[in-house]
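Summary of structural features
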Amino acid sequence: DGGITQSPKYLFRKEGQNVTLSCEQNLNHDAMYWYRQDPGQGLRLIYYSQIVNDFQKGDIAEGYSVSREKKESFPLTVTSAQKNPTAFYLCASTPRSWAQSSYEQYFGPGTRLTVT
Amino acid sequence: QKEVEQDPGPLSVPEGAIVSLNCTYSNSAFQYFMWYRQYSRKGPELLMYTYSSGNKEDGRFTAQVDKSSKYISLFIRDSQPSDSATYLCAMTNTDKLIFGTGTRLQVFP
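Residues numbered from 1 in each chain as written. Chains lettered and ligands numbered in written order. Predicted model: local features only at pLDDT ≥ 70, side-chain atom pairs only at ≥ 80, totals over all residues. Heavy atoms only, no water.

Quick word on the layout of surface pockets
Selection criterion: A pocket, in this scheme, is an open set of points on a 1 Å grid over the protein atoms alone with protein on both sides within 12 Å along at least 5 of 7 lines, while a cavity is a set where a 1.4 Å probe fits but cannot get out; residues line either one if an atom lies within 4 Å of a point. Grid points are joined across faces, edges and corners, and a volume is the space filled by probe spheres set on the points. As a working rule, the residues Ala, Val, Leu, Ile, Met, Phe, Trp, Tyr, Cys and Pro are called nonpolar, Asp, Glu, Lys and Arg charged, and the rest polar, with Gly in that last group. Runs of H or I in DSSP of at least four residues are treated as helices and runs of E of at least two as strands, each being numbered from the N terminus.
Roughly 580 Å³ of volume is contained in the largest pocket. Lining the largest pocket are 22 residues, with Gln37(A), Pro39(A), Gly40(A), Gln38(B) and Thr86(B) positioned closest to its centre. Among the residues making up the lining of the largest pocket, the classes are represented as six nonpolar, twelve polar and four charged. Within this model, the second largest pocket holds a volume of roughly 280 Å³. Broken down by secondary-structure element, the contributors of at least two residues to the lining of the second largest pocket are strand E5 (42-51) of chain A together with strand E10 (98-99) of chain B. Considering every element that reaches the lining of the second largest pocket, the biggest residue donor is E5(A), with three residues. For the lining of the second largest pocket, the per-class residue count stands at seven nonpolar, three polar and five charged.

Dropping the structure here:
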């Protein structure tokens, strides 16, 4: 089965701890994205990567970090510097890259992170 | 003003009704327009996409884009309780999608 997997589905952490969310895709897509979804605010872009070993900040990158060492993997670390980390995190991918418009983004099932 | 505006709803309709979901936008450079459906606690799934102006039909779903008015619509015919979800519009002209906040739709039997 081709698709995007995110693990775990639910994650609980204490304030002050870093936590890493997993995102893997076997669609052979070039570009991958991380979004955060909060009630009433829609999806907000955290980071994205068009190619291995390269990534760009989105609209709300502060307090987050990413890596793209392999084409199929794009993990997101929520650091202790993120002031309000409790949210639903979504990973997406698209076959487009660089200058081509990236429509047709395909999403994973999401990870719900709760920090107390 | 947000780049993409979408009424959050909820929109409640009886089974069999025709549903109209809409978004307005301010950036005239947007060329690609998408509709996603998101069930509770799940990731969004792509329903329809259109390029530039015009209509696109897929089964019970029709997407319309009116670039002159900066207005896009998704119509659902013969709505079913299984259509109950949040519908997100998204649009782009670059490598990043801009999403609306989503409209929650409830179809009751």
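Quick notes on the interface of chain B and chain A
This is how the line gets drawn: What makes two residues a contact is simply this: any of their non-hydrogen atoms within 4.5 Å. Buried area: the accessible surface (1.4 Å probe) lost by two parts on joining, summed over both. Salt-bridge detection follows one rule: a side-chain nitrogen of Lys or Arg within 4 Å of a carboxyl oxygen of Asp or Glu. Any N or O atom pair separated by 3.5 Å or less is treated as a polar contact, with the protein-specific requirement of one donor-capable and one acceptor-capable atom, and with residues adjacent in sequence counted only for side-chain atom pairs.
Counting residues at the interface gives 21 residues for chain B and 26 residues for chain A. Across the chain B/chain A interface, buried area totals approximately 1,800 Å², and carbon plus sulfur atoms make up 57% of it. Of all residues in chain B, the largest losses of buried area upon contact with chain A belong to Arg41(B), Asp95(B) and Lys96(B), amounting jointly to 29% of the total for that side. Our count for the contact surface shared by chain B and chain A stands at zero salt bridges. If you look at where chain B meets chain A, you find two residue pairs in polar contact (both at pLDDT 80 or more). Among the elements of the structure, strand E4 (32-38), strand E5 (45-51) and strand E9 (85-92) of chain B are those that each provide at least two residues to the side of chain B that touches chain A. The greatest single-element share of the side of chain B that touches chain A, amounting to four residues, is contributed by E4(B). Grouping the constituent residues of the side of chain B that touches chain A by class yields nine nonpolar, seven polar and five charged.

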